[in-house]
Amino acid sequence: MADGKAGGTKSGEALLFLTDEQLRKGIEAMFFAYRGFTADPDRILEKHGYGRAHHRALHFISRAPGTNVNNLLGILGVTKQSLNRVLRTLIEDGLVESRVGVQDKRERHLYLTETGKVLEGEIAEVQRARMRAAYREAGHEAVSGFRRVLEAMMDPDQTAFFNALSGKED
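Just so we're clear, the structure is a prediction, and the values are computed from it rather than from any experiment.

Broken down by element type, the protein chain carries seven helices and four strands. Ordered by position from N to C terminus, the α and β elements of the protein chain give β-β-α-α-α-α-β-β-α-α-α. The 170 residues of the protein chain split such that 24% are buried. When contacts within the protein chain are restricted to residue pairs at least 6 apart in sequence, those whose partners lie at least 24 apart make up 48%.

What follows is the structure, given as structure tokens:
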């Protein structure tokens, strides 16, 4: 059973007995957890006149310095117009630097400036603190289980981006 299988079936299949009420509670827990997870960053972003779209752009540019705009579009799943509006603000405010591609001059590669790194680091720290406290409260066995649940809920294209960022193969 250590490999996640029991009698030739995945151990997760044993969880199919969940009632609609249990699933509803899980869905509601995700909504409220997301509110808590974003509350601290929202307060920091609000001081600077930014929103969650700015946060997501900063986060993923930080995770993949030099990423191009098309890659960021795929990760964020937003329209080009929406992303350009966010990037224009972050560039004008000196948080993100856009460099022309070396091999393809049509590409723009994105990097956080020192100011951008400071803001992204401040936001990341409050989220890590909340996540660390939640994992500590739930216990070490919850860490891998929770991550498996989150990964199982991802669409295939999201899984590919997630695996690329975390260094995992598909």
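Having seen the model, we can carry on.
Averaged over all residues, the pLDDT of the protein chain is 88; the fraction at 70 or higher stands at 89%. Across the protein chain, the secondary-structure element scoring lowest on mean pLDDT is strand E1 (residues 5-6), at 38, and the one scoring highest is helix H2 (residues 52-63), at 97. A low-confidence stretch, residues 1-9 stays under pLDDT 50, and its non-local contacts, those more than four residues away or across chains, total seven contacts.

We now examine the side chain of Gln 127. Tracing the backbone shows Gln 127 in helix H5 (residues 114-138). Judged by relative accessible area, Gln 127 falls into the buried class, the value being 11%. Among all residues touching Gln 127, those that are not within four sequence positions of it are Phe 37, Pro 41 and His 55.

With that settled, consider the packing of helix H3 (residues 69-76) against helix H4 (residues 80-92). The angle between the axes and the distance between the axes are what describe a pair of packed helices. Viewed as axis vectors pointing N to C, H3 and H4 meet at an angle of 110 degrees, and their least axial separation amounts to 10 Å. Considering the angle they form, H3 stands roughly perpendicular to H4. Between H3 and H4 the crossing geometry is right-handed. Here Val 69, Asn 70, Leu 72, Leu 73 and Leu 76 of H3 come into contact with H4, specifically with Lys 80, Leu 83 and Leu 87.

In total, this model carries eleven salt bridges according to the counting rule given. Note that Arg 147 and Glu 151 form a salt bridge whose closest N and O atoms lie 2.7 Å from each other. Pair noted here: Arg 147 and Glu 151 are both in helix H6 (residues 140-153), with a separation of four residues, about one helical turn. Residue classification places Arg 147 among the partly exposed residues on the basis of a relative accessible area of 37%. Several salt bridges share partner residues, and in doing so they unite Glu 21, Arg 24 and Glu 28 into one network.

Time to look at a nonpolar patch on the surface. Where nonpolar side chains cluster on the molecular surface, the patch consists of Phe 17, Leu 18 and Leu 23 and spans about 300 Å² of accessible area. Mapped onto the secondary structure, Leu 18 falls in the loop between strand E2 (9-10) and helix H1 (20-48).

All chains considered together, the criterion is met by one aromatic pair. Between Tyr 135 and Phe 146, the aromatic rings sit 6.4 Å apart at their centres with planes inclined by 70 degrees, giving edge-to-face as the arrangement. Of this pair, Tyr 135 sits in helix H5 while Phe 146 sits in helix H6, and the two are eleven residues apart along the sequence. The partly exposed category is assigned to Phe 146, whose relative accessible area is 35%.

On to H5. Between its first and last C-alpha atoms H5 spans 35 Å; for 25 residues at 1.5 Å apiece the expected length is 36 Å, and the two agree. Within H5 the residues assigned to the buried category are Gly 116, Leu 119, Glu 120, Ile 123, Ala 124 and Gln 127. On the buried face of H5, the contacting elements are H1, H2 and strand E4 (108-112). Looking one or two residues past H5, Gly 139 carries a phi angle of roughly 100 degrees, positive in sign.

Cut-offs and rules
- Here the residue numbers are simple positions, counted from 1 along each chain's written sequence.
- It should be noted that, the model being predicted, local features are given only for residues of pLDDT at least 70 and side-chain atom pairs only at 80 or more, the latter also being counted only at that level, while totals for whole chains, interfaces and linings use all residues.
- Side-chain measures were taken over the full set of non-hydrogen atoms in the model, leaving aside hydrogen atoms and water.
- Going along the chain from the N terminus, every DSSP run of H or I of four or more residues is numbered as a helix, and every run of E of two or more is numbered as a strand.
- Each residue's exposure class comes from its accessible area (1.4 Å probe, protein chains only) as a fraction of the maximum for that residue type: buried when under 20%, exposed when over 50%, partly exposed otherwise.
- Residue contacts follow a heavy-atom distance rule, with two residues in contact if any of their heavy atoms lie within 4.5 Å.
- pLDDT expresses how confident the predictor is about each individual residue, on a scale running from 0 to 100.
- Helix axes are fitted only over the stretch in contact, all axes being lines through C-alpha atoms; the angle between N-to-C directions runs from 0 to 180 degrees.
- We call two directions roughly parallel when the angle between them is under 35 degrees, roughly antiparallel when it is over 145, roughly perpendicular when it lies between 65 and 115, and oblique otherwise.
- Handedness of a crossing is defined here by the sense of rotation of the near helix relative to the far one, left-handed for an anticlockwise turn of less than a right angle and right-handed for a clockwise turn.
- Salt bridges are counted wherever a side-chain nitrogen of Lys or Arg sits within 4 Å of a carboxyl oxygen of Asp or Glu.
- Exposure above 30% relative accessible area and the lack of any salt bridge qualify a residue for a patch; like charges then connect within 9 Å, and the nonpolar side chains Val, Leu, Ile, Met, Phe, Trp and Tyr within 5 Å.
- To measure how exposed things are, a 1.4 Å probe is used in the Shrake-Rupley method; for residues, cover is taken only from the protein chains shown.
- To pair, rings of Phe, Tyr and Trp, with the six-membered ring standing in for Trp, must have centres within 6.5 Å; the planes then decide the type, stacked if under 30 degrees apart, edge-to-face if over 60, and tilted in the middle.
- In a helix, the anticipated span is given by 1.5 Å times the number of residues less one.

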